[in-house]
Amino acid sequence: MRFIAALGLSAALAMAFTVSVSTDAEAAKKGKSKMCSASNMITGKKASWKCGAAEKCCYDTVSAKGTCVPASGICL
């Protein structure tokens, strides 16, 4: 029984870490594309990149990379 509880707790903590690492980034809309920017919570460096107008800006703090996903997509 303790093993199952420990396994569940480990899974919950792993999911919480994953969710906190990937965040939606801020975007300034401009016509057909938008400029995205975010700052790394670990190093404090700022990053900027372009996404299409119908895409969502995502930033991964661990890899320090910005990505674009469809508006209905989830930032990973």
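To start, this report covers the structure provided alongside it. (Residues numbered from 1 in each chain as written. Predicted model: local features only at pLDDT ≥ 70, side-chain atom pairs only at ≥ 80, totals over all residues. Heavy atoms only, no water.)

### Looking at the overall build of the protein
And then number 1: On a plain count of helices and strands, the protein comes out with 1 helix and 6 strands.
And then number 2: Traced from its N-terminal end to its C-terminal end, the protein shows the element sequence α-β-β-β-β-β-β.
And then number 3: Across the 76 residues of the protein, 21% fall into the buried class.
And then number 4: Accessible surface for the protein amounts to roughly 5,700 Å². Of this, 65% is attributable to carbon and sulfur atoms. (Helix = DSSP H or I, 4+ residues; strand = E, 2+ residues; numbered from the N terminus. Buried < 20%, exposed > 50% of the residue type's maximum accessible area, 1.4 Å probe, protein only. Areas by Shrake-Rupley, 256 points an atom, 1.4 Å probe, with all protein chains shown as cover.)

### Quick notes on the pairing of strand β5 (residues 55-60)
Two faces belong to every sheet, and in a regular strand the side chains alternate between them.
And then number 1: Pairing analysis gives 6 bridges linking β5 to strand β6 (residues 65-70), with the strands arranged antiparallel. From the neighbouring strand, cysteine 58 faces β6, where its bridge partner is threonine 67.
And then number 2: Connecting β5 to the next strand, β6, in antiparallel fashion are 4 residues, including alanine 64 with a positive phi near 55°. (Pairing = 2+ DSSP bridges.)

### Comments concerning the packing of aromatic side chains
And then number 1: Going through the model one piece at a time under the given rule, you end up with 1 aromatic pair.
And then number 2: Taking 5.9 Å as the distance between ring centres and 25° as the angle between the ring planes, the aromatic pair formed by tryptophan 49 and tyrosine 59 counts as stacked. Of this pair, tryptophan 49 sits in strand β4 (residues 46-52) while tyrosine 59 is found in strand β5, placing the two residues 10 residues apart along the sequence.
And then number 3: Relative accessible area serves as the criterion here: at 4%, tyrosine 59 is assigned to the buried category. (Phe/Tyr/Trp six-rings, centres within 6.5 Å; stacked < 30°, edge-to-face > 60°.)

### Remarks on unusual backbone geometry
And then number 1: Phi angles above zero are rare outside glycine, and alanine 64 is one such case at about 55°.
And then number 2: Inspection of the secondary structure assignment puts alanine 64 in the loop between β5 and β6.

### Concerning the pairing of β4
And then number 1: The pairing of strand β3 (residues 33-39) with β4 spans 7 bridges and is classified as antiparallel. Counted as the bridge partner of cysteine 36 is tryptophan 49 from β4.
And then number 2: Counting the residues that bridge the hairpin from β3 to β4 gives 6 residues, and of these glycine 44 lies at a positive phi of roughly 85°.

### Quick look at the side chain of lysine 34
And then number 1: Topologically, lysine 34 is positioned in strand β3.
And then number 2: Buried charge without a partner: lysine 34 forms no salt bridge, and the closest opposite charge is glutamate 55, 7.6 Å away.
And then number 3: At 2.5 Å, the side chain of lysine 34 and the backbone oxygen of glutamate 55 are in polar contact. (Lys, Arg positive; Asp, Glu negative; His and termini not counted. Salt bridge = Lys/Arg side-chain N within 4 Å of Asp/Glu carboxyl O. Polar contact = N/O pair within 3.5 Å; in protein donor to acceptor, adjacent residues only side chain to side chain.)

### Let's talk about the environment of proline 70
And then number 1: On the secondary structure map, proline 70 appears in strand β6.
And then number 2: Proline 70 sits 13 residues away from cysteine 57 along the chain, and the two C-alpha atoms are 9.0 Å apart.
And then number 3: Proline 70 has contacts with Ala54 and Lys56, leaving out every residue within four places of it along the chain. (Contact = heavy atoms within 4.5 Å.)

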